[in-house]
Amino acid sequence: MRVALRSYRELPESVRRAVADRVGDSSSVVDLIHGTSSGFAALLSAPDGGSVFVKGLPAGHERTAELEVESTVAPFLPLFAPRLLWRTAAGGWTVLAFEGITSLSPWADFSADDSPHLESVTAVLRELSTTAAPPEAGLRPAWERWKEYCDPADEPLLTGDRLVHGDPAATNFLPGQNRTWLIDWAWAAQGPGWLDAVLWGQRLVLDGQQTPEQAARWCERIPAFTRAPREAVVVLAEADARSWKAWQEYGTPGLERHVAASRAWADHWQTP
């Protein structure tokens, strides 16, 4: 479910005061408007010259559980994930604050021919594919997200012990001066190491307007993907395509391109 964004200045004064008590009085506030899972998202300047990214949801919102996942897994994430600085509740809102990231562009370019970012994004996903899921985080199995779009017998194919991000969209990769950051861990889970690479392939088709053949060649640069059983890749790509179609039929607007891209990616893997 998409969440209606509001600007930072539209938040209740008690929420803004709680943030200021932690960050200090900011000289600038930049609202970030491309997100669809937060009630607000903003980058605040800090008095020490740094910056803090804050986001939140009204308490009781049906997506508040995603903030729980993000704050719980944060202490165990690799160095390419921004640090969680603090969490607070105020004015009927739950707020998370992360270290501010200086990005060279609003998000990564996934286009096939001239993107300056695909190599670094591949490196992030390669490292992530070998990262163990932290037992302390109590992450849900990735199977739980896709099981209603699968045959129950497929569960072993989507089971594993690696850390899964779950949403490798272009907007979640921020190219920096010395590294590319992977943000927004609200869908973190435990599963096979190749799982994010399959989801990334669909995003290369959607966000980068690549052909499925081009996207597959990038995914093949991730060893965990090349070792994945083809049957498992087919199951996940098909389940993901069905999930996007289900959200469209549920009434979520603006998913036409998502449905088309996920279907094209899934059909590619159905071909012998």
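Residues numbered from 1 in each chain as written. Predicted model: local features only at pLDDT ≥ 70, side-chain atom pairs only at ≥ 80, totals over all residues. Heavy atoms only, no water.

K.L.:
Outline the sheet that holds strand β1 (residues 29–31), supporting the account with residue identities and numerical values.
P.N.:
Judged by pairing direction, the sheet is antiparallel, and its five strands sit side by side in the order β1-β2-β3-β5-β4 without closing on themselves. Both outer strands of the open sheet, β1 and β4 (84–90), are each paired with one neighbouring strand and no more. Pairs of neighbouring strands in the sheet enclose a mean axial angle of 20°, with direction left out of account. Summarising the sheet, β4 and strand β5 (residues 93–99) pair through six bridges and their orientation is antiparallel. Following the sheet pairing, threonine 88 is matched in β5 by valine 95. Running over the sheet, helix α1 (residues 13–23) touches β2 (40–45), β3 (51–58), β4 and β5 and is turned about 150° from β4. (Pairing = 2+ DSSP bridges. Helix = DSSP H or I, 4+ residues; strand = E, 2+ residues; numbered from the N terminus. Axes fitted to C-alpha atoms, helices over the stretch in contact; angles between N-to-C directions. Contact = heavy atoms within 4.5 Å.)

K.L.:
Account for the side chain of serine 262, naming residues and giving values.
P.N.:
Mapped onto the elements of the fold, serine 262 is located in helix α9 (residues 256–270). Under the relative-accessibility criterion, serine 262 is labelled buried at 1%. Once residues lying within four places of it in the same chain are set aside, the contact partners of serine 262 are Gln202, Ala237, Ala241 and Trp244. (Buried < 20%, exposed > 50% of the residue type's maximum accessible area, 1.4 Å probe, protein only.)

K.L.:
Account for the pattern of salt bridges, with residues named and values stated.
P.N.:
For the structure shown, the criterion picks out 15 salt bridges. Salt-bridge contacts for glutamate 238 lead to arginine 242; the nearest nitrogen and oxygen are separated by 3.1 Å. In this pair, glutamate 238 and arginine 242 both sit in helix α8 (residues 230–250), four residues apart, roughly one turn of the helix. For glutamate 238, a relative accessible area of 13% translates into the label buried. Residue classification places arginine 242 among the partly exposed residues on the basis of a relative accessible area of 41%. Of the charged contacts, one joins arginine 263 and aspartate 267 as a salt bridge, the two residues approaching to 2.9 Å between their closest N and O atoms. You can see arginine 263 and its partner aspartate 267 sitting in helix α9, four residues apart, about one turn around the helix. The network of salt bridges with shared partners includes Glu238, Arg242, Arg263 and Asp267. (Salt bridge = Lys/Arg side-chain N within 4 Å of Asp/Glu carboxyl O.)

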